[in-house]
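Examining the three-dimensional arrangement
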Amino acid sequence: MSVIKVPEADAAGWKCATCDEELVSRPVELEYLDSLFNVELPTCPKCGMVLIPENLALGKMNQVEHLLEDK
Amino acid sequence: MEQAELRQWERKCVQEEVPQCVAACPLHVDARTFCSLMAQRRWDKAWQVLAKTLPLPGVLARLCDGPCKAACVRKEAGGSIEMDRLERFCAETAKPVAPPQPLPKRGKSVAVVGDGLTALCATWEMARRGFDVTLHCSVPGGLLPALPEGVLERELENLVKLGAAIEDGVDLTVEAIDELMDENDAVFVDGEFWTAHLSEVGEPDALTLGTQRVGLFAGPKGETSAVLLAAAGRRAANSVERFTQGVSMVTGRELEGPYETRLYTSLAKVESVPPVVVDGMYTEENGRDEAGRCLQCECMECVKHCEYLKHYKFYPKVYARQIYNNESIVMGTRQANSMINSCMLCGLCETLCPEDFSMADVCLEARRTMVESDTMPPSAHEFALRDMAFANGEKCVLARHAPGLDQSEYLFFPGCQLTASNPDSVQAAYADLRKQLGSVGLLLHCCGAPAEWSGRQALMDETVSDLRKEWEALGGPKIIAACPTCLKTLHEYLPDAEVVSHWAILRALGLPTDTARDCGSMAINDPCAARHNAMLREDVRALLEQVGVIVEEPEMTGETAQCCGYGGLLSEANPELGRAVAERRAAEMAEDWVTYCVMCRDMIAKTGKRAVHIYDLLYPQDVDAGARPSPGYSLRRENRSHLRERLLAELWQENGALAVEPYESIAVSFTAEASVLMEERRILKSDVQKVFLNMQKSRRRFVSRENGHFLTSFRPVVVTYWVEFSEQGEGYLVHNVWSHRMKVREVLS
């Protein structure tokens, strides 16, 4: 599966407070209603915590959720 | 939806029926489109509309006697459109057009006999359809009234261009007809000729124009109206076509001449405008103005008054088809989901529709089908159903006889939204009822309307079954409901219960002691659940009068009241449209609104318009009720559970407090911006508290280099919540919240 890159996947000044690490782009597997996507998202390189920024959640991700709900 | 059901629904909606003028015109000229173009001074385009339908348009447009005028809807609002004069003006003004392209040759020959208009028109119609047609006449169109110079000649040229042959100077005799019968597949003789020479073949049949001689057709006798003569020519062409094809001469011909149409056009709000009066021919301005009086007839009665129907750009006939198609999709996107889930199920369209089309029935059935087939979008109603589950959970449900009693004659059922929005008035109302009636029990429960509206019939049945158990356990008392939707739902689902409105009771017993007084003029908003309950509406008006309200009725009121935007869970499934509906309703009146459904009150209040619930007047609290904000989702929950606890403690001396969940003791506060976002994004305080509880265990969070805020997330069930916060003493101050339904499975290496 190809990895999707979206401009909204920006760390926007956040870093991992637990590990004190800068976030890096990593392919992340996302799932909704039996559909899977690989998307590059800001991730803590140490603990693997993934950030879903506000404008991604409310923008493109929301659109895809609705699209899948109507499939 | 089965196809047969679709057809039934489609038939009910009259929007696509033809206008009265088109149905009344023997040739079915599209007068509505013609007038629209004329009103825009697009003379050439308007002429094309006439030329598309009229045979020999230059002739007929000048001879038409306008039988449509008798059917014109404008007749009752100033006078019928002067269609005949408009046609003549257009014929003089517009650029002539070439005759239409005839159909491919059929290899059938027809002879047409006569000097009249019917013969000319029959020749035209048959030539258009690819017949080898010859007009036999002494003088072509010799019996026509005088026309401006060159008009007839030009159309005769067009007739030849269409492929017809004209044999003039013919001595028309009975013997000649016999010959033509031998040489051709069919013969048509026009009315004048038939009357003079051919009466032995019998009067032509009105439907087919056939005579006793097979293959011989004849025009009607003594007809003088030009457009009816032309229509006879077309009827003859249709008959010859059927005859030469060997198909039925009679079936399916109902729409050939003038017919009845079901299109309904309201004249409400139509200003009376008289026809343009001039001697002689119109000027361009006259033509434009006269055509501009055309009402452009359509129905749209429901769409005019419903923001939802308007929003989706069409009308119920189209929507029914879209919903049918939506259900048929196996692979691909179901594009009507949002439309189906946005109907308020309020029943206004059915009340306004001349044929009782009910979008509510269509949409509710579609929702049920979606639920059954597991294609209902999970996000559409989940939040509302979670709220219903909370209202029917241990924190909110309460069923008791009145304090100190072990039986109940009555049972007060305030409903889950009144307790959520205005718990203090509910408590006062219960006290008043006990004071006046004595043995009044209490049942705090939701009636199940959200389950019904979301199409979840199984959940609805389960909810009602729980309700029934509580009611029966209390001895089946008479139910006093304070919410019109509860009242309607209980009547339907608990048919053996006696259910009365709290307002009917108050009207009979008299007002409580401390009501508001002299409230002045207020606009009344009837909720959609009261649409078919005239008694309920009357009871409320009587009470309002008693507390000194001067009731102002909006244009759409009572049976035709407009929904507030909450009905059918619109504001949950489509918040933006819900808000637009509420704003339209709210803006309709200058006065403060008064209503007796607390969701109407809160929807209107959310738009910033002052609104009160009748409880605010009957059981006033120490606040400016009109300005009281609509409580947010979290506060609604707290109001319900606190009411239960308070009533248990104060009336029954019971400690109703339930074990505190660990997340509930986490102290959170919200910035003003975050509070707004919580409502907009439908995130509860308890969701946020759960996020913090999870963080306290996992210690996982992000930190912002810019402002030091933290960010953490948690997915309690199917939604992931993100909370941006700063620490504040023992608790947290929330700055931002968002959520998504998509789940992070794993980070790939």
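1. Topic: the overall build of chain A
Check the secondary structure of chain A and you find 2 helices and 5 strands. Secondary structure of chain A in N-to-C order comes out as β-β-β-β-β-α-α. Overall size of chain A, expressed as C-alpha extent along the three principal axes, is 40 × 25 × 20 Å. Here chain A, with 71 residues, has 30% of them falling under the buried criterion. Partitioning the intrachain contacts of chain A with sequence separation of at least 6 by distance along the chain shows that 58% fall at a separation of at least 24.

2. With respect to the interface of chain B and chain A
With 29 residues of chain B at the interface, the matching set in chain A holds 31 residues. Listing elements by their share of the side of chain B that touches chain A, those giving two or more residues are helix 19 (378-391), strand 16 (702-704), strand 17 (710-714), strand 19 (731-740) and strand 20 (743-747) of chain B. With 5 residues, strand 20 of chain B is the largest single contributor of residues to the side of chain B that touches chain A. As defined by bridge partners, strand 4 (residues 24-32) of chain A adjoins strand 20 of chain B across 4 bridges and the pair is classed as antiparallel. Paired with V28(A) across the strands is V747(B), a residue of strand 20 of chain B.

3. A few points about the sheet that holds strand 9 (residues 478-481) of chain B
Residues and elements named next belong to chain B. Read across the open sheet, the 5 strands follow the order 6-8-7-9-10; overall the sheet is mixed. Lying at the two open borders of the sheet, with one neighbouring strand each, are strand 6 (398-400) and strand 10 (499-501). Strand-to-strand twist of the sheet, defined as the mean angle between neighbouring strand axes without regard to direction, takes the value 25°. Note that strand 7 (residues 410-413) and strand 8 (residues 440-444) share 3 bridges and pair parallel. Its bridge partner lying in strand 8, L411 is registered against G441. Sheet strands touched by helix 25 (residues 502-509): strand 9 and strand 10. Its angle to strand 10, the strand with the most contacts, is close to 65°.

4. Focus: the domain arrangement of chain B
Taken as a whole, chain B is organised into domain 1 (18-97 + 264-292), domain 2 (109-245), domain 3 (301-376), domain 4 (382-643) and domain 5 (662-740). Distance from the C-alpha centre of domain 1 of chain B to the C-alpha centre of domain 5 of chain B: 67 Å.

5. Focus on the pairing of strand 1 (residues 109-113) of chain B
Residue and element names in this part refer to chain B. Extensive coverage of strand 1 is indicated by the burial of 4 of its 5 residues. Following the chain from strand 1 across helix 7 (residues 117-128) to the adjacent parallel strand 2 (residues 132-136), one finds a crossover that is right-handed. Note that strand 1 and strand 4 (residues 186-189) share 4 bridges and pair parallel. Following the sheet pairing, V112 is matched in strand 4 by F188.

6. Here's the deal with the pairing of strand 17 of chain B
All names here are of chain B. Within strand 17, 4 of the 5 residues are buried, which leaves it mostly tucked inside the rest of the structure. Two elements, strand 16 and strand 17, share 2 bridges in a ladder whose sense is antiparallel. Bridge pairing in strand 17 links F702 to L711. What sits between the antiparallel neighbours strand 16 and strand 17 is a turn of 5 residues, in which G708 has the positive phi angle 75°. Sheet analysis places strand 17 next to strand 18 (residues 720-728), joined by 5 bridges and oriented antiparallel. Among the inter-strand pairings, F714 is bridged to a residue of strand 18, identified as Y721. As consecutive antiparallel partners, strand 17 and strand 18 are separated by 5 residues.

7. Some words on the packing of helix 4 (residues 43-53) of chain B against helix 6 (residues 83-93) of chain B
Residues and elements named next belong to chain B. The contact between helix 4 and helix 6 brings their axes to 9 Å, and the two run at 115°. The crossing of helix 4 and helix 6 is left-handed. Two secondary-structure elements touch here, helix 4 through W43, A46, W47 and L50 and helix 6 through E87, C90 and T93. Residues of the contact of helix 4 with helix 6, tallied by class, amount to 5 nonpolar, 1 polar and 1 charged.

8. Regarding the nonpolar core
Residue and element names in this part refer to chain B. Counting 118 residues, the largest nonpolar core has C349, M359, C363, F412, I480, A481 and I604 as its most contacted members. Here this core gets 7 residues from one element, more than from any other, and that element is helix 18 (residues 359-372). Each of domain 3 (301-376) and domain 4 (382-643) accounts for three or more of the residues forming this core. Residues in contact with I604, not counting those within four places in the same chain, are N525, C564, A582, R585, A586, W593, K609 and A611. In terms of nonpolar packing, the next biggest core, distinct from the first, is built from 83 residues, C21, L86, L156 and C297 among them.

9. Comments concerning the sheet that holds strand 2 of chain B
Residue and element names in this part refer to chain B. Pairing within the open sheet is parallel, and its 5 strands lie in the order 3-2-1-4-5. With partners counted over all chains shown, the strands left at the sheet margins are strand 3 (165-167) and strand 5 (216-218), one partner each. Shown here is a sheet whose adjacent strand axes are inclined to one another by a mean of 20°, direction ignored. Two elements, strand 1 and strand 2, share 5 bridges in a ladder whose sense is parallel. Along strand 2, the bridge assignment pairs S109 with D132. Of the strands in this sheet, strand 1, strand 4 and strand 5 are in contact with helix 11 (residues 226-245), which crosses strand 4 at around 165°.

10. Let's talk about the packing of helix 3 (residues 31-39) of chain B against helix 12 (residues 284-292) of chain B
Residues and elements named next belong to chain B. Between helix 3 and helix 12, the shortest axis-to-axis distance is 7 Å and the interhelical angle comes to 135°. By the angle between their directions, the pair helix 3 and helix 12 is classed as oblique. The handedness of the crossing between helix 3 and helix 12 comes out as left-handed. Across the interface between the two elements, C35, M38 and A39 from helix 3 touch G287, R288, A291 and G292 from helix 12. Among the residues making up the contact of helix 3 with helix 12, the classes are represented as 4 nonpolar, 2 polar and 1 charged.

11. Side note on the confidence of the model for chain B
Per-chain confidence: chain B averages 95 in pLDDT, with 99% of residues scoring 70 or above. Across the whole predicted complex the pTM is 0.91, and at the interface the ipTM reaches 0.98.

12. Overview of helix 11 of chain B
Side chains three or four residues apart in an α-helix point the same way, a direct result of the helix having 3.6 residues per turn. The end-to-end C-alpha separation of helix 11 of chain B is 29 Å, in line with the 28 Å expected for 20 residues at 1.5 Å each. Following helix 11 of chain B by one or two positions, G246(B) has its phi on the positive side, about 75°.

Definitions and limits used
- Residues numbered from 1 in each chain as written.
- Chains lettered and ligands numbered in written order.
- Predicted model: local features only at pLDDT ≥ 70, side-chain atom pairs only at ≥ 80, totals over all residues.
- Helix = DSSP H or I, 4+ residues; strand = E, 2+ residues; numbered from the N terminus.
- Buried ≥ 20, exposed ≤ 12 C-beta atoms within 10 Å, placed from the backbone.
- Contact = placed C-beta atoms within 7 Å.
- Pairing = 2+ DSSP bridges.
- Axes fitted to C-alpha atoms, helices over the stretch in contact; angles between N-to-C directions.
- Domains from an automatic or database assignment.
- Right-handed = clockwise from strand over helix to strand, strands pointing away.
- Left-handed = near helix turned anticlockwise from the far one by under 90°.
- Nonpolar A, V, L, I, M, F, W, Y, C, P; charged D, E, K, R; others polar.
- Core = buried A, V, L, I, M, F, W, Y, C linked by C-beta atoms within 7 Å.
- Parallel < 35°, antiparallel > 145°, perpendicular 65-115°, else oblique.
- pLDDT = per-residue confidence, 0-100.
- Expected span 1.5 Å × (residues − 1).

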